[in-house]
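If you want the building blocks of each chain, they are given just below.
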Amino acid sequence: MREDIEDIRKRIEKIDNEILRMMANRTAAAVEMGKRKASDSLPLRAPDVEEKVIGRYVSKAKEFGMSEDSASTIARLLIHESIEQQGLIPRPAKSKRMLIIGGNGKMGQWLCRFFASRGHKIKIYDTTENIKYPCEKDLKQGVLEAEVVIIAVPISYTPMILEEVLSYNTSALIFDVSSVKTPSAEILKKGGKIAEVCSVHPMFGPETNSIIDENVVICNCGSYSAVDKAEELFDGANITKTDLDEHDKLMAYVLGLSHATNIAFFETLNRSGKSYSELSRVASTTFKDQVETSHNVVSDNAQLYYEIQNLNPYEQEVLSSLVDSVNTIKDAARKNNKDAFTKMMNEGKEYFGGN
Ligand SMILES: O=C(O)C(=O)C[C@]1(C(=O)O)C=C[C@@H](O)C=C1
């Protein structure tokens, strides 16, 4: 007799419940592991183990006739859940008194939430009050009481605040989180010689829920111990260490170019005379993807985006190169130069690894 559709659905629901129960069991085991990591002061992630776990899922999936891609996605999700939970386990020995300058800004609030969830004691110094975290009115006192001082103010204010913090001769770890480092570079390097100073750049926005698999750049300003300490604070993220002087050269592409391309995209649409709803009705996949990204850009902080273009000394050269690239596309199309166009496409494919 043929099984009723509803009965099959019931059977699937039962299996789903089993899967969820098993997942909860797995996470509970990971939490046990997390407690051990916390008491032994071990890092959250074990990349070699993660690779083995994913490999195990993929080879088992093959055995069961399941898609390898799905198996790898499931394994990554489970690992993500483990690290997320492990990150919440307090490490009292590692708990620091933190002063977050600009703690009421969007990124400042993210830092407060993140470090509070990791068991650190947060104080804020800002021009406005915050009901969630205690506020420090006297910057000097706040700096001298803190073990970690984080500067999360707009890029153009960072050098001034950094200078003031350094003038208090604190033994705290000090770092900024700004997106352009050149305006503060001299002070950061001076600071790196006399104090525990480094420079951090979380490569994600304040809406990000989890740090797992997000990129964080830590710039060496001369104090290696500061870099090590900052690395520990962002445990769980993908951390890349670089020299301070390299940072803005990389960000001129990673931030400046990608922002400019999206701004140029919506600016061109805005000048087109076609309404968004008219274009949306005939939208292609690429158009939809591009709209989504440039919508995120246009909804973000205009001052920050301006400063990223304006304060990075490498940006003008990158923007000129962007204009050249657009002109190459324009010329190829105007002059019926299919070869030039195809060359661009092929070289682009090569650049991304050939696929
Ligand atoms: O083996 C560990 O160290 C774990 O915490 C477990 C686990 C997992 O979920 O499989 C989680 C995080 C590690 O990066 C590797 C593996």
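Rules behind the numbers
For every chain, the first residue of the written sequence is number 1, and numbering continues from 1 along that sequence. Reporting in this predicted model follows two pLDDT cut-offs: at least 70 for local features of residues, and 80 or more for side-chain atom pairs to be given and counted; totals over whole chains, interfaces and linings ignore these cut-offs and use all residues. Heavy atoms from the whole structure form the basis of all side-chain values; hydrogens and water molecules are not counted. Counting from the N terminus, the helices are the DSSP runs of H or I reaching at least four residues and the strands are the DSSP runs of E reaching at least two. Summary of the burial criterion: residues with accessible area below 20% of their type's maximum are buried, those above 50% are exposed, and those between are partly exposed, where the area comes from a 1.4 Å probe applied to protein chains only. Residue contacts are counted whenever heavy atoms from the two residues lie within 4.5 Å of one another. Only the protein chains shown count as cover for residues, with accessible areas throughout obtained via the Shrake-Rupley method and a probe of 1.4 Å. Near, as used in this document, describes a residue that has one of its heavy atoms within 4 Å of the molecule or strand being considered. The definition of a polar contact used here is a pair of N or O atoms within 3.5 Å, where within protein one atom must be able to donate a hydrogen and the other to accept one, and adjacent residues in sequence count solely through side-chain atom pairs. Simply put, an axis is a line fit to the C-alpha atoms, just over the touching stretch for a helix, and the angle between two N-to-C directions goes from 0 to 180 degrees. Our angle categories are set so that under 35 degrees counts as roughly parallel, over 145 as roughly antiparallel, 65 to 115 as roughly perpendicular, and the remainder as oblique. Less than a right angle of anticlockwise turn of the near helix away from the far helix marks a crossing as left-handed, whereas a clockwise turn marks it as right-handed. Basically, the charged four are Asp, Glu, Lys and Arg, the nonpolar ten are Ala, Val, Leu, Ile, Met, Phe, Trp, Tyr, Cys and Pro, and anything else, Gly included, counts as polar. Any Lys or Arg side-chain nitrogen located within 4 Å of an Asp or Glu carboxyl oxygen qualifies as a salt bridge. UniProt positions are given in the numbering used here, feature names are shortened, and annotations may be inferred rather than shown by experiment. Residues belong to one nonpolar core when they are buried, are Ala, Val, Leu, Ile, Met, Phe, Trp, Tyr or Cys, and are joined through side-chain atoms within 4.5 Å. The start and end points of each domain follow an automatic or database-based domain assignment.

### As for the overall build of the protein chain
(1) Moving on: Within the protein chain one finds 14 helices and seven strands.
(2) Moving on: Dimensions of the protein chain, computed from the C-alpha atoms along their principal axes, are close to 80 × 65 × 35 Å.
(3) Moving on: Taken across its 355 residues, the protein chain has 37% of its residues classed as buried.
(4) Moving on: Intrachain contacts of the protein chain at a sequence separation of at least 6 include 65% that bridge at least 24 residues.
(5) Moving on: Accessible area for the protein chain stands at about 21,700 Å²; split by element, carbon and sulfur atoms hold 54% of it.

### What about the site of the ligand?
(1) Moving on: Looking at the ligand, the residues that line it are R26, M33, K37, R45, A46, V49, E50, V53, I79, S82, I83 and Q86.
(2) Moving on: A distance of 2.8 Å separates an oxygen atom of the ligand from a polar side-chain atom of R26.
(3) Moving on: At 2.7 Å, a side-chain N or O of S82 approaches an oxygen atom of the ligand.
(4) Moving on: Contact with the protein chains covers 90% of the free accessible surface of the ligand, which is 360 Å².
(5) Moving on: Of all the secondary-structure elements, those providing two or more residues to the shell around the ligand are α1 (5–39), α2 (47–64) and α3 (68–87).

### Section: the packing of helix α13 (residues 315–334) against helix α14 (residues 338–351)
(1) Moving on: For the pair α13 and α14, interaxial distance at closest approach is 8 Å and the crossing angle is 140°. With respect to their mutual orientation, α13 and α14 come out oblique. Crossing hand, α13 versus α14: left-handed. Contacts between α13 and α14 involve S325, T328, I329 and A332 from the former and A340, F341 and M344 from the latter.
(2) Moving on: Class assignment of the residues belonging to the contact of α13 with α14 gives a composition of five nonpolar, two polar and no charged.

### Describing the pattern of salt bridges
(1) Moving on: Scanning the model with the defined rule gives 22 salt bridges in all.
(2) Moving on: The shortest N-O distance in the salt bridge between K190 and E163 comes to 3.0 Å. One end of the pair, K190, is in helix α7 (residues 182–194); the other, E163, is in helix α6 (residues 158–167), and 27 residues separate them in sequence.
(3) Moving on: What makes K190 partly exposed here is its relative accessible area of 44%.
(4) Moving on: Look at E163 and you get partly exposed, because its relative accessible area is 37%.

### Here we look at the UniProt feature "domain: Prephenate/arogenate dehydrogenase" (unreviewed entry) in the protein chain
(1) Moving on: Taken from the UniProt record, the annotation "domain: Prephenate/arogenate dehydrogenase" (unreviewed entry) applies to residues 96–355.
(2) Moving on: What you have in residues 96–355 is 55% helix and 14% strand, and the ends, taken at the C-alpha atoms, are 46 Å apart.

### Quick look at the nonpolar core
(1) Moving on: Ranked by size, the top nonpolar core spans 37 residues in total, and within it F115, F175 and F234 carry the most contacts.
(2) Moving on: Each of domain 1 (5–87) and domain 2 (96–245) contributes no fewer than three residues to this core.
(3) Moving on: Those residues in contact with F234 that lie beyond four places of it in its chain are L111, F114, F115, R118, F175, V200, I211, V216 and I239.

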